[in-house]
Amino acid sequence: MSRFGVWSRRRCVDCRKIVCDVDLRNLHPVYEMIAAVPQTQRPLAYNSSPERKYIVMRRILRNLVTVHACLLILLVAVGACRSAAPLGGLQLEKIELPPGFSIELYAEGVESARSMALSPNGVLFVGTRREGKLYAVVDSNRDNRADKVWVLADGLNMPNGVAFRDGSLYVAEVHRILRYDNIETRLQSPPEPVVVSAQFPSETHHGWKYIAFGPDGRLYVPVGAPCNVCEKSDKRFATIMRMRPDGRDLEIFAHGVRNTVGFDWRKETGELWFTNNGRDWMGDDLPPDTLHRAGSGGLHFGFPYCHGGDIPDPKFGAKRRCDEFTPPVLKLGAHVAALGMKFYHGEMFPPQFKGSIFIAEHGSWNRTTPIGYRITRIVLKGDRPFRYEVFAQGWLQKDRAWGRPVDVLVMPDGALLVSDDRAGVIYRISYKRY
Ligand SMILES: [Ca+2]
C-alpha cells in the first residue's frame with residue numbers, strides 16, 4: 001500500500017472527529033487529501049508501461065474513493081455538529097413549568113446573552129461569547145422588566161464570564177481577566193478596564209470562561225481543555241484556577257475538569273459544586289455530562305483518563321484507573337451541555353425548592369436526537385443528589401430549538417433569571433401561590 005494510502009485511511013477514520021473537535025473551523029485534513037491526489041498521477045509521466053499504468057490507476061481510484069468517503073463523512077459530520085435548527089421567534093407559551101410557575105420576558109435585545117452577574121444595586125451584567133459584547137441590563141422602575149440595555153464594551157475576546165465585587169465588574173476574556181471600576185455609575189461612559197491578570201492560555205477551544213467569587217474571596221477561573229479529549233503538558237488546561245481579586249496567587253484549585261461553564265458554592269458547607277461537559281464522539285448516550293462537588297482543593301476529577309466516574313477514555317484510559325479520581329455526584333444526560341448552575345436559596349418558590357440546584361442545559365450539538373434546551377432541577381437529600389428532573393422545557397420543539405438556556409441567576413425577590421444566547425433575551429421565572 002502506498003504511503004499516502006496508509007496516511008489517508010488513518011486520517012479518514014479520524015476526519016469526522018477532527019472536523020468537529022475544531023468546531024467546524026479547521027477543515028484542512030480533507031483539503032490536504034484532495035490536494036494530494038494529483039501527486040499520485042506523476043509516475044504516469046515517468047513510466048508508461050502497462051503494469052505501471054495499472055498500478056497507478058488503481059492508486060488513483062483508491063485515493064479518489066478515500067477522498068469521496070471522507071467528504072461524505074465530512075458532510076455527515078457537519079450536519080451532526082450543528083445544534084438543533086433555529087426556530088424563529090419567541091414562543092414563551094410553549095414553555096412548560098410546574099404548577100404555579102410562570103415565565104416572562106425580563107430583557108430583550110441582549111444578543112448572544114451568556115453568563116450573568118447582579119450588582120447589589122440591581123444592575124444585571126451579561127457576557128457573550130463570539131458576539132464580543134458586554135451588556136448592563138437595568139430595570140430602573142423595578143417592575144421586573146428591563147428598561148434599558150447598555151452595551152458597555154464591544155470587540156472583546158469571548159467575554160463570557162462576569163462577576164461583581166466591591167463596585168467593580170470583573171470580566172473573563174479567553175486569555176485575561178479585566179476589571180471595570182465604579183461601573184454602576186458609569187454605564188453611559190464605561191472606563192477603560194484594568195487588566196487584573198493575563199496569565200491564561202489564548203486557545204479559544206473551550207477558552208471562554210465562567211467566573212465567580214468564592215466564599216474565600218478568591219476569583220475562580222476555569223481553563224477548559226483545548227480539544228475534545230487530549231493530554232497537555234501545560235497543567236493549567238482542564239482545571240479550575242483561583243486567584244486573589246488583584247490577580248495575585250494564581251493557583252490550580254481542581255484538576256481533570258474538561259470544561260465547566262457554571263458553578264456555585266453550597267451555603268451549608270461552603271463547598272464548590274460545578275457542572276462539567278463530557279467529551280464528544282463516544283456515541284449518542286456516552287459519556288454523561290456531570291455534576292461535581294469539590295470539598296477541598298487539589299482534587300482530580302478524571303479528564304482525560306476517565307469520564308463520568310467509571311468510563312475509561314478509549315485513548316487515555318489505559319494510563320490511569322477510574323478509581324484514582326473523585327467521581328461526579330451525579331451523571332446528567334449525555335450531550336445536554338450543562339452550563340450555568342445555582343443553588344436556590346430564595347424565598348419566592350415553594351419550600352421544597354430550598355436548596356435545590358437549577359441547571360441550564362444549553363442543548364446538544366452532536367447527538368442524533370437533540371437533548372437539553374431546558375432547565376433541570378436537582379433535589380438533594382443530605383449532601384447527595386436525590387432526584388434529577390426537568391423544571392422548564394419547550395425551547396426545543398421536535399428537532400428544532402427557538403432558544404438555548406445558558407445561565408441561571410436567583411434574584412433578591414426569589415425569581416429565577418435565565419439567559420438565552422439563541423433568542424438574545426433574559427427570562428424571569430416566578431411563582432405565585434393560588
Ligand atoms: Ca422596568
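Preceding this paragraph is the structure being described.
Counting its secondary structure elements, the protein contains four helices and 30 strands. The burial tally for the protein puts 41% of its 434 residues in the buried class.

Attention now moves to the environment of Glu192. Residue placement: Glu192 occurs in the loop between β9 (177–180) and β10 (194–197). In this structure, the C-alpha to C-alpha distance between Glu192 and Tyr180, residues 12 residues apart in sequence, is 7.0 Å.

Each strand in a sheet pairs with its neighbour through backbone hydrogen bonds, running either in the same direction (parallel) or in the opposite one (antiparallel). Pairing is antiparallel across the open sheet formed by four strands, whose spatial order is β3-β4-β5-β6. Looking at which strands have only one partner, the edges of the open sheet turn out to be β3 (116–118) and β6 (148–153). Taking each pair of neighbouring strands and ignoring which way they run, the sheet shows an average axis angle of 25 degrees. Of the pairings in the sheet, the one linking β3 to strand β4 (residues 124–126) comprises three bridges and is antiparallel in character. If you follow Ala117 over to β4, its bridge partner there is Phe125.

With that settled, the discussion passes to the sheet that holds strand β17 (residues 290–294). The four strands lie next to each other as β15-β16-β17-β21, forming an open sheet whose pairing is antiparallel. In the strand order of this sheet, the two ends are held by β15 (263–265) and β21 (330–331), each with one partner. Note: β15 against strand β16 (residues 272–276), three bridges, orientation antiparallel. Of the residues in β16, the one forming a bridge with Phe263 is Phe274.

Calculation criteria
- Throughout, residues of each chain are indexed from 1 in the direction in which the sequence is written.
- Two thresholds apply to this predicted model, a pLDDT of at least 70 for residue-level local features and 80 or more for giving and counting side-chain atom pairs, whereas whole-chain, interface and lining totals are computed over all residues.
- Secondary structure elements follow DSSP: runs of H or I no shorter than four residues count as helices, runs of E no shorter than two count as strands, and numbering proceeds from the N terminus.
- With C-beta atoms placed from the backbone, a residue is labelled by how many other C-beta atoms lie within 10 Å of its own: buried for 20 or more, exposed for 12 or fewer, partly exposed between the two.
- Pairing between strands is defined by DSSP: at least two bridges between the two strands are required.
- Only the contacting stretch of a helix is used when fitting its axis, a line to C-alpha atoms as for every element, and angles between N-to-C directions run 0 to 180 degrees.

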